[in-house]
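Take a look at the letters that make up each chain.
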Amino acid sequence: MKKKEKNYDKKTEKEIEKLLKKLTLDEKVSMLHGATLFRSGAVERLGIPGVVTSDGPMGVRAEFMDDRWIPSGNQDDMVSYLPSNSAVASSWNPDLAYAMGHVLGEEARGRGKDVILAPGINIKRDPRCGRNFEYMSEDPKLTAAMAVPFIKGVQENDVAACVKHFAANVQETDRLMVDEEIDDRTLYEIYLPAFKAAVQEGNAYSIMGAYNKINGTHCCENKRLLDLVLRMEWGFNGAVISDWGGVHKTKEAAQCSIDMEMSIFPDFDEYKLANPLKELIAKGEVSEDMVDAKVRNILRMMFRLKMIGSKKDTRKAGAYNTLAHREAILHTARESMVLLKNENHLLPLDAGKIKKLVVIGANAAKVHSDGGGSAEIKALYEICPLAGLKMYLGGNTQVQYVKGYHVPEAPKTYEQNWQASSLDDLKNTDVGQAVRVDDASENERHRKGEEERLARIKQEQDEIHEKNKDLFAQAIKAAKEADAVIFVGGLNHNIDSEGFDRTDMKLPYEQDILIEELLEVRKDMVVTFVGGSPVEMPWRNKARAILWSYYAGMETGNALAEIIFGEVNPSAKLAETFPARYEDCATAKNGQFGKWGNIRLEEGLYYGYRHFDRQHIAPAFCFGHGLSYTDFEYSALTLKMEKDRSVKLTFTVKNTGKRAGAEIAQVYVAPIASKVDRPDKELKAFAKVFLAPGRSKKITLTMKQEDFAYFDVQLHDFITDAGDYEILVGASCEDIRLRGLATLV
Ligand code: BGC
């Protein structure tokens with residue numbers, strides 16, 4: 001594969017070499033690791049500052065102490081709370097991904113950061129992965145299409161996006177040590193493409209090496225992944241930063257393309273890329289050239305960020321908590337909520353006709369920004385659904401809130417993501433510092449924590465059941481007496497979280513039972529959810545309207561109310577399959593998810609909609625599904641084969657209803673008589689069109705030869721076979737409206 005020589009600016013390279021010559025070995029090594037928990041070492045003598053990093057994907061995290069894993073407790077680090085990546089991706093609107101990247105980058109710079117540890121773009125392999133809410137989609141094409149503008153938006157603020165977690169960080173169970181067996185074709189077709197696009201199209205300045213192992217080697221020490229794929233094949237010349245505590249072996253890390261080691265421990269000189277590295281150099285076991293290569297990558301990123309060099313004075317200042325940010329976040333929230341079902345046009349509700357509204361469910365009155373692990377933030381504010389509904393309706397409607405079901409107080413063990421659990425001693429003693437132990441003991445502690453968590457969940461069942469008796473009765477009584485009933489349930493960050501996976505795909509706290517009972521008395525109940533990952537909805541045939549919101553940021557409540565009452569027409573579609581039952585998933589069938597030790601990605605390419613297609617299993621709601629208050633008609637598909645083996649495609653989408661709305665038209669490619677086994681169809685292009693009632697628009701999309709390719713393991717390259725490919729244009733992966741045939745020669 002050809003090495004891509006891009007992004008080398010000769011002048012900068014000369015400056016880098018000049019600086020390198022001036023740096024002593026000690027100074028160079030100090031730049032390769034944390035000097036505080038979130039900042040690398042500076043070389044003041046030469047005007048080289050430390051690189052200041054911060055989480056995360058939903059906003060800039062609160063300030064932490066330099067050497068203690070506890071927030072500083074300031075009042076000046078509240079920020080805009082952005083929709084999670086899963087929400088952003090559901091908009092299928094790259095302009096909004098760009099806008100959210102811009103907000104995040106500008107806020108990060110405003111808070112004085114150089115690198116923002118986002119976006120998370122791992123592929124959602126299994127709906128139970130605890131961090132799925134932070135990721136975009138199950139589909140590589142959609143993930144890439146949203147990640148690229150997001151990264152551009154971040155970086156135009158002179159802040160680096162640190163795209164994470166490279167690569168295939170597909171589960172939280174045993175996340176520090178799990179070894180994933182992945183075949184090359186699956187890696188190249190599913191788990192790598194979004195990262196490749198992030199590097200080559202998004203021009204990401206930094207990448208975060210993941211915790212997990214791939215085929216026996218930790219990602220942060222993985223020569224194949226970092227040297228061969230990332231540097232050689234993709235031509236990446238930015239900085240690779242380890243996930244916090246992701247480096248385990250000095251020599252291996254020294255000799256592969258990981259540039260900066262970050263961790264949770266305050267013994268900064270003992271990091272692998274600190275004193276232990278110097279010792280190996282002194283012994284002649286590692287060459288100083290390896291250090292130089294890393295420093296070059298870090299300096300290059302610093303020049304790009306205008307942290308050093310002649311452009312330093314022109315570096316952008318950023319800003320946080322601006323009105324413009326809030327508006328962009330509201331806009332994105334509106335386009336991120338997916339209307340899953342709307343029988344007989346139950347939605348939108350007519351606000352003018354409702355004298356008494358009952359809102360049921362703990363998530364109506366819950367804020368989520370302060371949880372989830374490293375994605376948690378201190379939000380400037382967060383409008384919960386109940387507040388949004390009340391603010392929308394005003395004083396003439398009586399709004400009664402009933403909780404409906406019991407949510408146990410999150411015990412300490414629940415709050416603990418892996419980071420915090422490594423800091424137990426700090427928490428208990430107020431010392432504030434992580435205690436370094438060997439990998440085996442760390443893992444043992446982690447495993448014990450997980451056992452305790454599961455035992456606790458079991459114990460809570462009784463408490464929930466007991467308390468729910470009264471709560472259910474109250475909810476049912478209230479529902480009977482109201483003009484309209486809105487249920488707001490779902491998940492929270494005790495469930496969608498870093499550090500552990502979900503135990504199942506069910507709604508917690510007996511919500512299914514409550515919903516069933518409520519639907520018995522109120523067939524017209526509007527069922528809405530806030531959550532970060534799919535849930536089973538066994539009662540879905542009885543509900544007339546179901547609206548799904550991911551964690552949609554500080555304006556969640558406003559956007560939800562606007563959609564429910566029809567001020568906003570929903571226009572989002574699922575970026576992941578919602579299976580009817582967890583057992584239907586490929587990973588549930590092969591048992592290769594959520595295990596300790598090692599997992600084999602046996603299903604290969606066949607997970608998500610690729611699996612449901614192949615096995616002819618109907619999911620509850622398929623990939624790409626999402627309704628609008630208006631209807632769209634598709635027509636006039638034309639295909640033109642170009643000389644360069646690209647295919648130009650045109651078709652028309654018409655808004656045939658009475659409201660303005662937006663449709664996300666999706667293009668899937670289905671190879672006919674392929675030489676190798678391939679998924680029945682794969683998403684290769686999409687367009688979101690905004691249409692006034694009665695208006696239509698001709699959409700033109702070009703699919704490149706790569707869009708027809710598969711990865712040939714023998715050749716170690718993508719190839720596109722000549723032959724016939726069916727082109728499917730549709731409103732979801734199941735709702736195909738137009739078909740055409742492309743013949744590649
Ligand atoms: C997480 C990363 C995060 C880092 C710093 C790790 O535990 O996996 O996503 O950016 O900590 O907080």
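Here the structure is a predicted model, which means the values were calculated and not measured.

Caption draft 1: Here's a closer look at the overall build of the protein. Assigned secondary structure in the protein consists of 21 helices and 24 strands. Taking the principal axes of its C-alpha atoms as reference, the protein extends roughly 80 × 70 × 50 Å. Expressed as a percentage of the 745 residues in the protein, the buried residues total 63%. Of all intrachain contacts in the protein linking residues separated by at least 6 positions in sequence, the fraction that spans at least 24 positions is 76%. Here the protein has roughly 27000 Å² of accessible surface; of this, 49% comes from carbon and sulfur atoms. Taking the average place of the 101 positive charges on the side chains of the protein and the average place of its 112 negative ones, the gap between the two points comes to 5 Å.

Caption draft 2: A look at the sheet that holds strand E20 (residues 696-703). Read across the sheet, three strands follow the order E16-E17-E20 without closing on themselves; strand pairing throughout is antiparallel. Each edge of the open sheet is held by one strand with a lone partner, namely strand E16 (632-641) and E20. Pairs of neighbouring strands in the sheet enclose a mean axial angle of 20°, with direction left out of account. Relative to E20, strand E17 (residues 647-655) is paired through eight bridges, and the arrangement is antiparallel. Bridge assignment links Lys648 to a residue of E20, and that residue is Thr702.

Caption draft 3: View of unusual backbone geometry. Here Ala118 and Pro119 are connected by a cis peptide whose omega angle stands at -5°. Along the polypeptide, Pro119 turns up in the loop between strand E2 (115-116) and helix H5 (140-155). Cis peptide bonds are those with omega within 30 degrees of zero, and the linkage from Leu347 to Pro348 qualifies with -5°. Position of Pro348 among the secondary structure elements: in the loop between strand E9 (338-342) and strand E10 (356-360). The backbone of Asn203 shows a phi angle near 55°, a positive value even though the residue is not glycine. Judged by relative accessible area, which is 25%, Asn203 ranks as partly exposed. One non-glycine residue, Ala636, lies in the positive phi region at around 55°. As for its position among the elements, Ala636 is in strand E16.

Caption draft 4: The arrangement of empty space enclosed by the protein in detail. Summed over all chains, the structure comprises five cavities of 30 Å³ or more. The space that makes up the largest cavity amounts to roughly 120 Å³. In terms of lining residues, the largest cavity is bounded by 17 residues, among which Arg125, Asp126, Pro127, Glu138 and Gly608 are the most central. Those elements that place two or more of their residues in the lining of the largest cavity are helix H20 (586-590) and helix H21 (608-615). Sort the elements by how many residues they give to the lining of the largest cavity and H21 lands first, with three residues. A class-by-class count of the residues in the lining of the largest cavity yields seven nonpolar, five polar and five charged.

Caption draft 5: Just the layout of surface pockets, in detail. Volume-wise, the largest pocket comes out at about 1400 Å³. Together, 43 residues line the largest pocket, and Lys141, Glu201, Lys704, Glu706 and Asp707 are the ones closest to its centre. Looking at the lining of the largest pocket, the elements that each hand over two or more residues are H5, helix H6 (184-191), helix H7 (193-200), strand E19 (682-691), E20 and strand E22 (717-719). Here the element with the most residues in the lining of the largest pocket is E19; it accounts for eight residues. A per-class count over the lining of the largest pocket returns 21 nonpolar, five polar and 17 charged.

Caption draft 6: Broad picture of helix H8 (residues 223-233). Among all positions of H8, only Leu225, Leu226, Asp227, Val229, Leu230, Arg231 and Glu233 are buried. Following H8 by one or two positions, Gly235 has its phi on the positive side, about 70°.

Caption draft 7: Focus on the sheet that holds strand E7 (residues 217-218). Spatially, four strands are ordered E7-E6-E4-E15 in an open sheet, and the strand pairing comes out mixed. This sheet does not close on itself; its edge strands, each paired only once, are E7 and strand E15 (598-600). As judged from the three bridges shared by strand E4 (residues 179-181) and E15, these two strands associate in the parallel manner. By the bridge assignment for E15, Glu180 is matched with Ile599.

Rules used throughout
- Residues numbered from 1 in each chain as written.
- Predicted model: local features only at pLDDT ≥ 70, side-chain atom pairs only at ≥ 80, totals over all residues.
- Heavy atoms only, no water.
- Helix = DSSP H or I, 4+ residues; strand = E, 2+ residues; numbered from the N terminus.
- Buried < 20%, exposed > 50% of the residue type's maximum accessible area, 1.4 Å probe, protein only.
- Contact = heavy atoms within 4.5 Å.
- Areas by Shrake-Rupley, 256 points an atom, 1.4 Å probe, with all protein chains shown as cover.
- Lys, Arg positive; Asp, Glu negative; His and termini not counted.
- Charge placed at Lys NZ, Arg CZ, Asp CG, Glu CD.
- Pairing = 2+ DSSP bridges.
- Axes fitted to C-alpha atoms, helices over the stretch in contact; angles between N-to-C directions.
- 1 Å grid on protein atoms, 1.4 Å probe; cavity = no way out; pocket = protein on both sides within 12 Å on 5 of 7 lines; lining within 4 Å.
- Points joined across faces, edges and corners; volume = space filled by probe spheres on them.
- Nonpolar A, V, L, I, M, F, W, Y, C, P; charged D, E, K, R; others polar.

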